[in-house]
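Survey of secondary and tertiary structure
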Amino acid sequence: MAYTTTAELKAYMNITASSDDTQLGYAVTRAQAMVDLATHRTFEAAADTTRTYTPLLFNDGGDLMDYDTLYLSADLYSLTSITNGDGTAVSLSDVVLLPSNVKPAYGIKIKRGVNVAWSYSTSPENSVSVVGRFAYSLTAPAEIVAATLRIAAYLYRQREGTPDSDRAILSADGMVLAAPQIPKDIQTILKPYVRRSL
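Residues numbered from 1 in each chain as written. Predicted model: local features only at pLDDT ≥ 70, side-chain atom pairs only at ≥ 80, totals over all residues. Heavy atoms only, no water.

1. Re the environment of F43
Structurally, F43 is set in the loop between α2 (21–39) and β1 (49–53). Remark: the alpha-carbon pair of F43 and T139, spanning 96 residues in sequence, is separated by 6.6 Å. (Helix = DSSP H or I, 4+ residues; strand = E, 2+ residues; numbered from the N terminus.)

What follows is the structure in structure tokens.
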């Protein structure tokens with residue numbers, strides 16, 4: 001899914017003609033990729049996807065923070081199913097998402113007192129399968145949509161820049177002019193959304 005659309009970008013930039021719709025669409029796609037790259041996140045999940053994990057402790061090359069807690073390599077908004085490394089289904093009632101009562105989740109912890117443990121049969125590598133909506137949210141937050149629009153507008157305007165438009169230049173009177181860059185307010189918008197890793 002897209003955080004914004006070509007039509008929304010056109011409205012934002014007050015463009016009515018359709019002659020540049022392809023370029024505007026490219027700008028939207030690139031802007032979304034830039035937001036994801038800057039924050040180390042995906043902000044929408046249209047459908048379930050599957051990710052695999054290794055049921056060994058970090059020190060042994062796995063994804064377990066401790067013997068009960070599986071660290072997820074991406075945000076998990078909602079959990080659909082878990083298949084343990086030995087091929088057995090893990091009941092969702094036997095686990096809790098971390099952090100508790102806050103989305104998105106960064107880990108799955110097996111509850112105390114249940115007869116379940118992270119395990120594998122022959123090879124541990126990528127043997128645990130987790131199915132769910134791997135994203136920060138189901139739809140992008142308003143701030144992310146705004147940042148995507150601003151970046152897309154910036155990228156669209158830059159399409160006609162000179163080859164040196166990404167470098168500082170020297171004016172006729174000897175002043176150094178800073179290179180154009182993505183506006184600082186976008187960096188401020190994105191900063192609280194940056195995903196921290198362990």
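Having seen the model, we can carry on.
2. A look at the sheet that holds strand β3 (residues 78–83)
Reading across the sheet, the four strands line up as β1-β7-β3-β4 and stay open at both edges, with antiparallel pairing between neighbours. The sheet is open, and its two edges are formed by β1 and β4 (89–90), each paired on a single side. Of the pairings in the sheet, the one linking β3 to strand β7 (residues 128–133) comprises five bridges and is antiparallel in character. Paired with L79 across the strands is G132, a residue of β7. (Pairing = 2+ DSSP bridges.)

3. What to know about the layout of surface pockets
Volume-wise, the largest pocket comes out at about 180 Å³. If you trace the largest pocket, you find 14 residues lining it, with R41, D75, P104, Y106 and R195 closest to the centre. Going through the elements one at a time, β2 (69–76) and β6 (105–110) are the ones with two or more residues in the lining of the largest pocket. Residue composition of the lining of the largest pocket, grouped by class: nine nonpolar, no polar and five charged. (1 Å grid on protein atoms, 1.4 Å probe; cavity = no way out; pocket = protein on both sides within 12 Å on 5 of 7 lines; lining within 4 Å. Points joined across faces, edges and corners; volume = space filled by probe spheres on them. Nonpolar A, V, L, I, M, F, W, Y, C, P; charged D, E, K, R; others polar.)

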